[in-house]
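Coordinates in review
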Amino acid sequence: MIPGIVARELPAKWQVPEWMAARTLGLPKWEAGQRLMRASAPDVYDYIKAGNRIVVANQKALDVCRKRANKAGSAARCTVSVEPERQTGR
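Residues numbered from 1 in each chain as written. Predicted model: local features only at pLDDT ≥ 70, side-chain atom pairs only at ≥ 80, totals over all residues. Heavy atoms only, no water.

Thoughts on the overall build of the protein chain
- Secondary structure summary: the protein chain contains 5 helices and 0 strands in total.
- Computed over its C-alpha atoms, the radius of gyration of the protein chain comes to 19 Å, more than 25% above the 12 Å expected for a compact globule of 90 residues.
- Oriented by its inertia axes, the alpha-carbon framework of the protein chain measures out at about 50 × 40 × 20 Å.
- Sequence separation of 24 or more characterises 6% of the internal contacts of the protein chain that already satisfy a separation of 6 or more.
- Distance between charge centres in the protein chain, computed from 16 positive and 8 negative side chains, equals 6 Å. (Helix = DSSP H or I, 4+ residues; strand = E, 2+ residues; numbered from the N terminus. Rg over C-alpha atoms; globule rule 2.2 N^0.38 Å. Contact = heavy atoms within 4.5 Å. Lys, Arg positive; Asp, Glu negative; His and termini not counted. Charge placed at Lys NZ, Arg CZ, Asp CG, Glu CD.)

Here it is in structure tokens:
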């Protein structure tokens, strides 16, 4: 209990609560964060993963579109490719 109280009082940039959570799970922070998100809201985690796949697969097109939107100062329409979902046997 006391380490938690102390951790919350330290500067946020030190990320002590995050470090403690990752250490408790025995994982690097990135993997610990994924595990916590998956455990907290599996459906939302699946949407995050799907969105990440779309962004990674369309990175160049999205960069061009973002530049066009910034230049215009308003939203820009973009064309992206979306692959079908792979069945995982869940």
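On we go from here.
A closer look at the state of the cysteines
- Using the criterion set out here, one finds 1 disulfide in the structure.
- The residue that forms a disulfide with Cys65 is Cys78, at a sulfur-sulfur distance of 1.5 Å. Residues Cys65 and Cys78 are joined by a disulfide whose S-S torsion is about -80 degrees; by sign, that bridge is left-handed. Placement of the pair is Cys65 in helix H5 (residues 59-72) and Cys78 in the segment after H5, with a sequence separation of 13 residues.
- Taking the relative accessible area as the measure of exposure, Cys65 reaches 4% and is therefore buried. (Disulfide = S-S within 2.5 Å. Buried < 20%, exposed > 50% of the residue type's maximum accessible area, 1.4 Å probe, protein only.)

Considerations on a positive patch on the surface
- A contiguous patch of positive charge, built from Arg35, Arg38, Lys49, Arg53 and Arg86, is present on the exposed surface.
- Elements represented by at least two residues in the positive patch include exactly helix H3 (29-40) and helix H4 (42-57).
- Of note, Arg53 is situated in helix H4.
- Here Arg53 falls in the partly exposed class, since its relative accessible area comes to 49%. (Patch = residues over 30% accessible without salt bridge, like charges linked within 9 Å, V, L, I, M, F, W, Y side chains within 5 Å. Areas by Shrake-Rupley, 256 points an atom, 1.4 Å probe, with all protein chains shown as cover. Salt bridge = Lys/Arg side-chain N within 4 Å of Asp/Glu carboxyl O.)

Some thoughts on the packing of helix H2 (residues 16-25) against H3
- Where H2 contacts H3, the axes come no closer than 9 Å and their chain directions differ by 80 degrees. Between H2 and H3, the crossing angle belongs to the class labelled roughly perpendicular. Where H2 abuts H3, its residues Glu18, Trp19, Ala21, Ala22 and Leu25 lie against Lys29, Ala32, Arg35 and Leu36.
- Considered class by class, the residues forming the contact of H2 with H3 number 6 nonpolar, no polar and 3 charged. (Axes fitted to C-alpha atoms, helices over the stretch in contact; angles between N-to-C directions. Parallel < 35°, antiparallel > 145°, perpendicular 65-115°, else oblique. Nonpolar A, V, L, I, M, F, W, Y, C, P; charged D, E, K, R; others polar.)

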